[in-house]
Amino acid sequence: MAYSTISKPGLHFNTKLYTGNGGTQSITGVGFQPDWTWIKKRSGTQEHVLFDSSRGATKRLFTNLTNAESDEATSLKAFTSSGFTLGTHSSVNDNTETFVAWNWKANGGTTSSNSDGSITSAVQASTTAGFSIVTFTGTGSNATVGHGLGSKPEWFLIKNRDATADFTSYHQGIGATKNLSLHASDGAATSATRFNNTEPTDSVFTVSTSVAVNGSSADYVVYCFSEVEGYSKFGSYTGNGSADGPFVFTGFKPAWVMIKNTARGADWRINDTTRQTINKSADTSGGFLLAASSASAEITNEYDIDFLSNGFKLRSGDVYENGNGEAHIYMAFAEAPFKYSNAH
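Parameters at a glance
Residues numbered from 1 in each chain as written. Predicted model: local features only at pLDDT ≥ 70, side-chain atom pairs only at ≥ 80, totals over all residues. Heavy atoms only, no water. Helix = DSSP H or I, 4+ residues; strand = E, 2+ residues; numbered from the N terminus. Rg over C-alpha atoms; globule rule 2.2 N^0.38 Å. Buried < 20%, exposed > 50% of the residue type's maximum accessible area, 1.4 Å probe, protein only. Contact = heavy atoms within 4.5 Å. Areas by Shrake-Rupley, 256 points an atom, 1.4 Å probe, with all protein chains shown as cover. Polar contact = N/O pair within 3.5 Å; in protein donor to acceptor, adjacent residues only side chain to side chain. Pairing = 2+ DSSP bridges. Axes fitted to C-alpha atoms, helices over the stretch in contact; angles between N-to-C directions.

*Asks:* Which parts of the structure should I look at to understand the overall build of the chain?
*Replies:* Across its full length, the chain holds four helices and 27 strands. Taking 2.2 N^0.38 as the reference for a compact globule, 344 residues should give roughly 20 Å; the C-alpha atoms of the chain span a radius of gyration of 19 Å, in line with that estimate. Judged by the C-alpha coordinates and their principal axes, the chain covers about 55 × 50 × 35 Å. Within the span of the chain, comprising 344 residues, buried residues form 56% of the whole. Within the chain, contacts between residues at least 6 apart in sequence are counted, and of these 67% link residues at least 24 apart. For the chain, the accessible area works out to roughly 11900 Å², and carbon and sulfur atoms hold 45% of it.

*Asks:* Would you take a moment to explain the side chain of N93 for this structure?
*Replies:* Of note, N93 is situated in helix α1 (residues 90-93). On the basis of relative accessible area, N93 is assigned to the buried category, the value being 0%. A distance of 2.9 Å separates a polar atom in the side chain of N93 from the backbone nitrogen of N21. For N93, the contacting residues outside a window of four places in its chain are G20, N21, G22, G23, T24, Q25, L86, G87, T88 and F99.

*Asks:* Where do I start with the side chain of S294 in this structure?
*Replies:* With respect to the secondary-structure elements, S294 resides in the loop between β24 (290-291) and β25 (305-308). Given the relative accessible area of 17%, S294 is considered buried. A polar side-chain atom of S294 sits 2.9 Å from a polar atom in the side chain of S296. Among residues more than four places away in sequence, those in contact with S294 are K40, H48 and N64.

*Asks:* What is the right way to read the sheet that holds strand β7 (residues 76-80) from this model?
*Replies:* Strand-to-strand pairing in sheets goes through backbone hydrogen bonds, with the strands running parallel or antiparallel. An order of β2-β8-β7 is seen for the three strands of this open sheet, with the pairing classed as antiparallel. Of all the strands in the sheet, just β2 (25-27) and β7 have a single pairing partner and so form its edges. Each strand axis lies, on average, 20° off the axis of its neighbour in the sheet, ignoring direction. Bridge count between β2 and strand β8 (residues 83-86): three bridges; the pairing is antiparallel. When the bridges of β8 are listed, S26 appears paired with T85.

*Asks:* I keep staring at the pairing of strand β19 (residues 219-225) and nothing clicks. Help me out?
*Replies:* In terms of burial, β19 is a largely internal element, six of the seven residues being buried. Note: strand β12 (residues 131-137) against β19, seven bridges, orientation antiparallel. Bridge pairing in β19 places S132 opposite C224. The pairing of strand β14 (residues 155-160) with β19 spans six bridges and is antiparallel. When the sheet's bridge partners are listed, L157 is paired in β19 with Y223.

Listed below in structure tokens is the structure:
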């Protein structure tokens, strides 16, 4: 349940498009100092790359791979007051290639020790935006970890930084008895060794014995989200397989939506209003899809959703986002709250 309201979502989440120069460059205009930046090359095949201010700039994770964290000095070199500085690495700054960077604000890189769980964690949290970045060292035994949000997370992502292991996702739409892997297209899997069949609370989430979430002496990072009215929503819906698909109410005009069909193998599909500036009409046939679980370039010949003033509507009958009779989860962040929005 939402516990606060945000009237200016762009102060907490923003999408930035840029073109690589193959050298070094500063990306500005984000509107805040990012604490979590997710970069993907649009114009070519390249891994999705994650950086955050808790682990420190240059330290990379990949949404579409199980790789351990790597430190790449020529990738994202630093977070700045309005964006970030890039080095020469092709994953973030390939010459003449186009890129998208999705950016979230937490607490400016400042962390604090959290002893709410049986494992002490380091947390930087924005309770206003319902977002925290958590780091901790695993024990190999069932444990709880404090997240610092003050409200139950509806969605979180957890990655073992030290080893090849699943990029595991909890989502309220499937519950703690099941999990999904961000790097894979698989449907929801049942496993007690991920979250010990235990729902997160206002103060902690539970990890079990899998090396993906709590290997002994391994270091982890977790990105946690709680719903905030007018800013974020993490829900589910049932597809109808039609181009006149379900309308999903979020209570705001979405800026970014990621969807996963949990019933079958299907990519995690990402749409945003910075790349898709208008809804489908007679003179617009293509969408601008990226898949978190794939290194593939942006898909421009499919059109899947309309962005509306109070939610989104499915406009394709494909199984990725609208499988007939199948369950889907979504994660959405706002462009504007409903009372300030206008439909496209």
